[in-house]
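These are the residues of each chain, in order.
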Amino acid sequence: MGLLPELRHPTVAELVSSSRALTARRPDLCVLREVGLSRAGRPLHLLSVGHARRAVLVVAGAHANEPAGGGTLLALARRVVAERELRDETSWHFLLCADPDGASLHTATDPDSLYDYHLGFFRPAGREQPEWAPSVLPPDRLPPETLALTGVIDELRPYLQVSLHGTDLGGSWVQLTRDVPGLAEPFGKSAAELHIPVETGASDAAGWPVSGPGVRVMPAAEAGPVYPSLPDDARHSTWYRPHRYGGLTAVVEVPMWAGGLVDDPEPHPAPAEALRHLADRLLRDAREVRQVLEEVRPGAMEGAGTAGGPLLRATTWGLELVPGLAGDLVRTRPPDGTRAYVSSVDAFTRRVPLRAAAMLRRELRESEPHAAARLERLVALWSDSFAVRFRARRVPVAHQVEHQVRTVVAAALHARAGTGTGTG
């Protein structure tokens, strides 16, 4: 399969329109239907291709600031329609956007720089993220987007769910809820051909068993978390829902900008000391953002993650995580001593205060222009420093999409080989 022609990421409206057109061309194969409504009343659409009982579910848009999944999902649907062998005893189902409300607030889908990306940045508080809500909320308080997603999983009972994610700057990696032997080879080959670094020490998967370079398997429930202060736990997310039916989930990450340093497997000379330094910087940067917030919105942190509009809720939720995370980095023995892991933590600890500053700037832009200007200077400074430190190189949208498409197809074929012909 050659490189796809996408030059930019499609909007949710464009995804729906393209899915309707595909359904109109192939009504014998395709069905587009609503499977729920968001909190704001936006429809959640599911495109199904094929009629076999054995199913693959592909989810895009679970995180509002990660637009790559939309183009990947559409390219995959077109490929499944065109290639009969992919539909051999398998139906494919595509949730076009798991969080349309969040997508409407993240306006930087095709930015020219990290600075532009953060000027339009939005990512909701954890309890408002469809996949993560079950890890922090009781069942009777789950948002409708989560209920729509779990309802689709319960209906389809997929042997494989693929959640399409993206990172701003770094490399590509895969997280699995159960191992898929053989996936690492085509994943790595695709990344190499498309000049995308493989993130071998991703902090998101710190300490997890390694299936292959850049492919990690989530640990068993009895394994303790690497960052004890973080409230969410992947093992309680919607990623584990397919396990009820014998299935599994693959989370495929791809960067908007490729970053140096994240694929270096060499041992770091002093990882614990480096993490202490990163923890200090995290506290210092977050303190600058929090100072602005407390000056213009006294008491806002008292309702962290739950009070105010979506931008303020997301800002305070992120700032609330900082002290615990910094403490984890200092008190916990590094689970990975490679340069790649330390670099991944470096990127992570830059993102948290940078994103808080970016969203708070948007929140205050009209009501507190001077405070917003202070925050914009921080966003500019930190974005530039992030890009320079990691030698940021733009990954063409077509390459982002192609890499995810290849990885999803490989995951589906290898996972199917491991499940036989049953539905699980």
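Residues numbered from 1 in each chain as written. Predicted model: local features only at pLDDT ≥ 70, side-chain atom pairs only at ≥ 80, totals over all residues. Heavy atoms only, no water.

## So, the overall build of the protein chain
Basically, it comes down to this: The helix and strand labels rest on DSSP assignments: H or I over at least four residues marks a helix, E over at least two residues marks a strand, and numbering proceeds from the N terminus. Here the globule rule reads 2.2 Å times residues to the power 0.38, and the radius of gyration is calculated from C-alpha atoms. Working definition: with a 1.4 Å probe on protein chains only, accessible area under 20% of the residue-type maximum means buried, over 50% means exposed, and in between means partly exposed. Any two residues having at least one pair of non-hydrogen atoms within 4.5 Å are treated as being in contact. A 1.4 Å probe and the Shrake-Rupley method give the accessible areas. Residues count as covered only by the protein chains that appear here. When charges are counted, neither His nor the chain ends are considered; positive counts come from Lys and Arg and negative counts from Asp and Glu. To locate a charge, the coordinates of NZ of Lys, CZ of Arg, CG of Asp or CD of Glu are taken.
Scanning the protein chain from terminus to terminus reveals 11 helices and 10 strands. Scaling as 2.2 N^0.38, a compact globule of 424 residues should have a C-alpha radius of gyration of about 22 Å, and the protein chain matches this with 21 Å. The principal-axis extent of the C-alpha atoms belonging to the protein chain is close to 60 × 45 × 40 Å. Here the protein chain holds 424 residues, and the buried ones make up 58% of them. Across the protein chain, every contact between residues at least 6 apart in sequence was considered, and the portion connecting residues at least 24 apart equals 79%. Of the accessible surface of the protein chain, which amounts to about 16700 Å², a share of 53% is contributed by carbon and sulfur atoms. The centroid of the 47 positive side-chain charges in the protein chain is displaced by 2 Å from the centroid of its 50 negative side-chain charges.

## Some remarks on the environment of S203
Secondary-structure assignment places S203 in the loop between helix 6 (184-193) and strand 7 (210-212). Judged by relative accessible area, S203 falls into the buried class, the value being 6%. Each C-alpha atom of the pair S203 and A347 lies 9.1 Å from the other, and the pair is 144 residues apart in sequence. Residues in contact with S203, not counting those within four places in the same chain, are Y227, Y341, S344, V345 and F348.

## A few points about the environment of L293
Inspection of the secondary structure assignment puts L293 in helix 7 (residues 271-296). Residue classification places L293 among the buried residues on the basis of a relative accessible area of 0%. In the structure, L293 is positioned 143 residues away from T150 in sequence and 36 Å away in space, judged by C-alpha atoms. Those residues in contact with L293 that lie beyond four places of it in its chain are P298, A300, M301, L312, T316, L319 and L360.

## Some words on the packing of helix 9 (residues 339-364) against helix 10 (residues 369-389)
We apply this condition: Think of each axis as a best-fit line through the C-alpha atoms, taken over the contacting stretch in the case of a helix, with angles from 0 to 180 degrees between the N-to-C directions. Here the word oblique covers every angle except those under 35 degrees (roughly parallel), over 145 (roughly antiparallel) and from 65 to 115 (roughly perpendicular). By the definition used in this description, the sense in which the near helix is turned from the far one sets the handedness, with an anticlockwise turn below a right angle giving left-handed and a clockwise turn giving right-handed.
Look at helix 9 against helix 10: their axes get within 8 Å of each other, and the N-to-C directions meet at 155°. Between helix 9 and helix 10, the angle is such that the two are roughly antiparallel. Regarding helix 9 and helix 10, the two cross each other, and that crossing is left-handed. Contacts between helix 9 and helix 10 involve D346, A347, R350, R351, P353, L354, A357, A358, L360, R361 and L364 on the former and, on the latter, P369, A371, A372, L375, E376, V379, W382, S383, S385, F386 and R389.

## Brief notes about the pattern of salt bridges
Oppositely charged side chains can form a pair if their charged atoms are brought close together. The condition that has to hold: In the sections that follow, a salt bridge refers to a side-chain nitrogen of Lys or Arg positioned within 4 Å of a carboxyl oxygen of Asp or Glu.
Summed over all chains, the structure comprises 23 salt bridges. The partner of R8 in a salt bridge is E14, with the nearest N and O atoms 2.7 Å apart. Given a relative accessible area of 44%, R8 falls into the partly exposed group. You can call E14 partly exposed: its relative accessible area is 29%. When the shortest N-O distance is used, the salt bridge between D346 and R389 registers 3.4 Å. Linking D346 in helix 9 with R389 in helix 10, this pair joins segments that are 43 residues apart in sequence. Each member of the salt-bridge network shares a partner with another, and the members are R39, E128, E145 and R313.

## Here's the deal with unusual backbone geometry
In this model, H195 sits at a positive phi of 60°, which is unusual for a non-glycine residue. Of note, H195 is situated in the loop between helix 6 and strand 7. The phi dihedral of L261 is positive, around 85°, even though this residue is not glycine. Secondary-structure assignment places L261 in the loop between strand 9 (248-258) and helix 7.

## Observations concerning the packing of aromatic side chains
Applied cut-off: Two rings from Phe, Tyr or Trp (for Trp, the six-membered ring) form a pair when their centres sit within 6.5 Å of each other. Planes less than 30 degrees apart are called stacked, planes more than 60 degrees apart edge-to-face, and all others tilted.
Summed over the entire model, instances satisfying the criterion amount to five aromatic pairs. Each ring, one from Y117 and one from F121, has its centre 5.7 Å from the other, and the planes form 70°; the classification is edge-to-face. On the basis of an interplanar angle of 65° and a centroid distance of 5.1 Å, the ring pair of W132 and W239 is categorised as edge-to-face. Here W132, found in the loop between helix 4 (114-119) and helix 5 (144-156), pairs with W239, found in the loop between strand 8 (215-217) and strand 9; they are 107 residues apart in sequence, far enough to count as distant.

Just distances and angles here, no functional claims.
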